[in-house]
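Letter by letter, the chains look like this.
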Protein chains: 2
Amino acid sequence: MGRWEPDARERLVRAALDLFSEQGYENTAVAQIAERAGLTKSTFFRHFRDKREVLFGGQDVLAELMTGAISGAPEEAGPLEAVEAALVATAVTFTDERRAHGPQRLAVIAGNDELRERAALKMVGFAVAMTDALKRRGVPELEAAVAAELGVLAFNHGYERWLETGGDFAEVTRRTFSDVRAAVGSLEGAE
Amino acid sequence: MGRWEPDARERLVRAALDLFSEQGYENTAVAQIAERAGLTKSTFFRHFRDKREVLFGGQDVLAELMTGAISGAPEEAGPLEAVEAALVATAVTFTDERRAHGPQRLAVIAGNDELRERAALKMVGFAVAMTDALKRRGVPELEAAVAAELGVLAFNHGYERWLETGGDFAEVTRRTFSDVRAAVGSLEGAE
DNA sequence: TACGGTGATGAGACCAAGTCCCATCACATG
DNA sequence: CATGTGATGGGACTTGGTCTCATCACCGTA
């Protein structure tokens, strides 16, 4: 596993994040990112499938953590409890270091359609993963889909709250999920 | 409003859909689509922002129909009733002619990541549009988001059901949304 | 110390998506 | 018949993304 300067991948992420912030996503060429990281275009595409992916690395790990938690939830747990376990299970990846450049990352994504598109796909990926995992537990199709969708909603809101308020991701997300469930209750009760 | 052969846009859509089915999305060049439609690459990009968009035309109209219906819903209507009205309002665009190439379109989209990505973005667009429209009615943030998300879920499932079973889109969607609400009820009651 | 294997990188050709600018054509109007 | 307008054609150009081959650092081993 020989290497010149270590952490090529992380260097690319940092360079990309900074350049996107400075000049905007579409005004930044991949070659420029690679150059700032002391690498070349070839190496960039060896680490990331495309230009967008440099901002979304490790999301597949999240999906695996979610499905793992749902599969491993106790027999008696209902779908919503399983989904909550899935959200909590992702907390291990949300370190303080990751929290540091979270706002910068969010701002870049919000400012570009291609990136919002990629973000949307990732969320759909989470929803599908959780839906499938729930169905494997015997949860009916529609109930599984609804539970998963509520989970993704809580995940997104929870992530933003976590960036704003800090604290433990698991704790913040649990609260957020509880708020979502309360909102569902209000909706059902209102009519 | 001069024009040689009429309906350039529709010809492009047909050509694209057929070529994508025959050879796959990524094996089809924009120039090829334009050629089959008797046009050129320039004209293609004058009608569609990018290669993907040729399969997603008119989705902005749907979003407007949804927000219009939510804004125009009676005062007493709850969030879920407003969302149901939004779904029903889109029915006018789902003609028999559109239903004809629906399955072909779905198959093409399912077979390519870029296209699923674009589809995901469109759904997020619907969710955001409905959420905002609900908030303008005074619905609290989270309740609005949940209601909108349930609406999008019903919209997607309803669309597929409509393609399979036929009939009136409004009717199919109404039933689907009712099923989604029932699923929500089961979830809440289970724990 | 020399040698070969391995994994990461560099370099450059190549194709297609998407942008831009300008010329051109059909049609309507005066 | 002149003129304007909207849609199209054509081609140059940039960049994302793929592919192939050469190169370099490191590691183990003789």
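None of these values were measured; they are calculated from a predicted model.

Draft legend 1. Representation of helix H9 (residues 141-165) of chain A in the model. With 25 residues, H9(A) extends 35 Å between its outermost C-alpha atoms, agreeing within 8% with the 36 Å of an ideal straight helix rising 1.5 Å per residue. Just beyond H9(A), the residue with positive phi is A:Gly166, at close to 75 degrees.

Draft legend 2. Examining the protein's contact with DNA strand D more closely. Taken together, 20 residues are adjacent to DNA strand D, and A:Lys41, A:Lys51, A:Arg52, B:Ser42 and B:Thr43 come closest. Backbone sugar and phosphate groups make up 55% of those atoms of DNA strand D lying within 4 Å of the protein. Between DNA strand D and A:Thr28 there is a distance of 3.4 Å, counted from a phosphate oxygen to a backbone nitrogen or oxygen. At 3.1 Å, a side-chain N or O of B:His47 approaches a phosphate oxygen of DNA strand D. Mapped by element, the contributors of at least two residues to the surface near DNA strand D are helix H3 (41-47) of chain A together with helix H3 (41-47) of chain B. Residue contributions to the surface near DNA strand D peak at 4 residues, all from H3(B).

Draft legend 3. Here's a closer look at the interface of chain A and chain B. At the interface, 30 residues of chain A touch 30 residues of chain B. Each partner contributes to the roughly 3,000 Å² buried at the junction of chain A and chain B, and carbon and sulfur atoms together form 69% of this total. At the junction of chain A and chain B, the tally comes to 2 salt bridges. Two residues, B:Arg118 and A:Glu117, come together in a salt bridge whose shortest N-O distance is 2.3 Å.

Here is what the cut-offs are and how they apply
- Residues numbered from 1 in each chain as written.
- Chains lettered and ligands numbered in written order.
- Predicted model: local features only at pLDDT ≥ 70, side-chain atom pairs only at ≥ 80, totals over all residues.
- Heavy atoms only, no water.
- Helix = DSSP H or I, 4+ residues; strand = E, 2+ residues; numbered from the N terminus.
- Expected span 1.5 Å × (residues − 1).
- Near = heavy atom within 4 Å.
- Polar contact = N/O pair within 3.5 Å; in protein donor to acceptor, adjacent residues only side chain to side chain.
- Contact = heavy atoms within 4.5 Å.
- Buried area = accessible area lost by both parts, 1.4 Å probe.
- Salt bridge = Lys/Arg side-chain N within 4 Å of Asp/Glu carboxyl O.

These results come straight from atomic positions and should not be treated as a statement about function.
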